[in-house]
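These are the residues of each chain, in order.
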Amino acid sequence: MLKGNINMDLHLKNKVALVTGAASGLGKSIALLLAEEGAKVAINYRSRKESADALAVRIREKYGVDAIAVYADVADETGVRTMFDETEKQLGTVEIAVNNAAYCANPECADLTLDEFQKCVDINLRGMFLVCRETVRRLRLRKSAGNIVNISSQAAVRGSQTGKTVYDMTKAGILGFTRSLAIETAKDGILVNAVLPGIMHTDIIAAAYEAEPERFNRRAPLGRIGRTEEIAHVAVFLCSDRVSYMTGATVDVSGGLAMH
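Note that the structure is a prediction, hence the values are computed from the model and not measured.

A. Structural context of the packing of aromatic side chains. In this structure the tally under the stated criterion is three aromatic pairs. A centroid spacing of 6.4 Å and a plane angle of 90 degrees characterise the contact between Phe129 and Phe177, whose relative ring orientation is edge-to-face. Residue Phe129 is located in helix α4 (residues 114-141), and its partner Phe177 is located in helix α6 (residues 165-185); the two are separated by 48 residues in the primary sequence. A relative accessible area of 34% places Phe129 in the partly exposed class. In this structure Phe177 comes out as partly exposed when scored by relative accessible area, which is 24%. The ring of Tyr103 is capped by Lys119, whose NZ or CZ atom sits 4.3 Å from the centre of that ring.

B. Representation of the nonpolar core in the model. Residues Ile30, Leu34, Ile43 and Ile59 are the most contacted members of the largest nonpolar core, which totals 39 residues. Looking at this core, the element that brings in the most residues is helix α1 (residues 25-36), giving seven residues. Setting aside residues up to four positions removed in sequence, Ile59 forms contacts with Ala31, Leu32, Ala35, Ile43, Gly64, Val65 and Ala67. Counting 33 residues, the second largest nonpolar core, distinct from the first, contains Ala42, Met83, Val94 and Cys132.

C. Representation of the side chain of Asp168. Along the chain, Asp168 turns up in helix α6. Within the buried core, Asp168 has no salt-bridge partner, and the shortest N-O distance to an opposite charge, that of Lys164, equals 6.9 Å. Contact partners of Asp168, with chain neighbours within four places excluded, come to Ala155, Ala156, Gly159 and Ser160.

D. Main features of the sheet that holds strand β5 (residues 146-151). Across the sheet, which stays open at both edges, the seven strands sit in the order β3-β2-β1-β4-β5-β6-β7 with parallel pairing between neighbours. Of all the strands in the sheet, the pair left with one neighbour each is β3 (67-71) and β7 (250-253). Averaged over neighbouring strand pairs, the angle between their axes works out to 20 degrees when direction is ignored. The sheet contact formed by strand β1 (residues 16-19) and strand β4 (residues 96-99) spans three bridges and is parallel. By the bridge assignment, Ala17 is partnered in β4 with Ile96. Packed on one face of the sheet, helix α2 (residues 49-63) meets β2 (40-45) and β3 and runs near 165 degrees to β3. Packing of helix α9 (residues 228-238) onto the sheet brings it into contact with β5, β6 (190-197) and β7, and relative to β6 it is tilted by some 170 degrees.

Calculation criteria
Residues numbered from 1 in each chain as written. Predicted model: local features only at pLDDT ≥ 70, side-chain atom pairs only at ≥ 80, totals over all residues. Heavy atoms only, no water. Phe/Tyr/Trp six-rings, centres within 6.5 Å; stacked < 30°, edge-to-face > 60°. Helix = DSSP H or I, 4+ residues; strand = E, 2+ residues; numbered from the N terminus. Buried < 20%, exposed > 50% of the residue type's maximum accessible area, 1.4 Å probe, protein only. Lys NZ or Arg CZ within 6 Å of the ring centre and 35° of its normal. Core = buried A, V, L, I, M, F, W, Y, C linked by side-chain atoms within 4.5 Å. Contact = heavy atoms within 4.5 Å. Lys, Arg positive; Asp, Glu negative; His and termini not counted. Salt bridge = Lys/Arg side-chain N within 4 Å of Asp/Glu carboxyl O. Pairing = 2+ DSSP bridges. Axes fitted to C-alpha atoms, helices over the stretch in contact; angles between N-to-C directions.

Rendered as structure tokens:
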């Protein structure tokens, strides 16, 4: 549940949620909070099978809800369909999809290879598109409402100073796609929203952060980097029917970094 004095029921009990890239980082936190709210969770992974399996066991044991680890390269069309088939078979129809899987190509534009460019586009945009398309198709087939949450980045509106031009481009593309898909699916009761996370404490930056914490902390007006759970709380809220009059929105959870 959301922490604090007010206990808000998000009405997620027994809902089926699919979270891509959920074996670690933000995706893992989102999966855990969805389970805490009573949702059944499909934990998508591509290369971290042991971590995904362990998370599924942890969810089942701690929260008493169904959870599975499901493999798929989100950039592969057949793989995405198979992932949805397996989730439906074990948990039921996906009513909530969180597009969290991402890849960051670090070289500056002048040094970026076409292969790295394409990999970033394939995972961040093609993957999101395929998961969204499959979600919408299956919900429409059953005439069911649903929620899609796309994880973008504050870099989509601010840009980067560290050679992430193609990553920033894909994250900005997520915002345009979110708005247009929200218009397309409004008549179906399928709500589509996006989250703009700021810098988070994840395994990716852990070593660099521990070496120079102030270099990271001073970038955000709140004076610190975020915890994945803080962003996850907002993402999970967007998965609920508490946002029944909210679609096509971008929610800034960046510690004031984006101010968007």
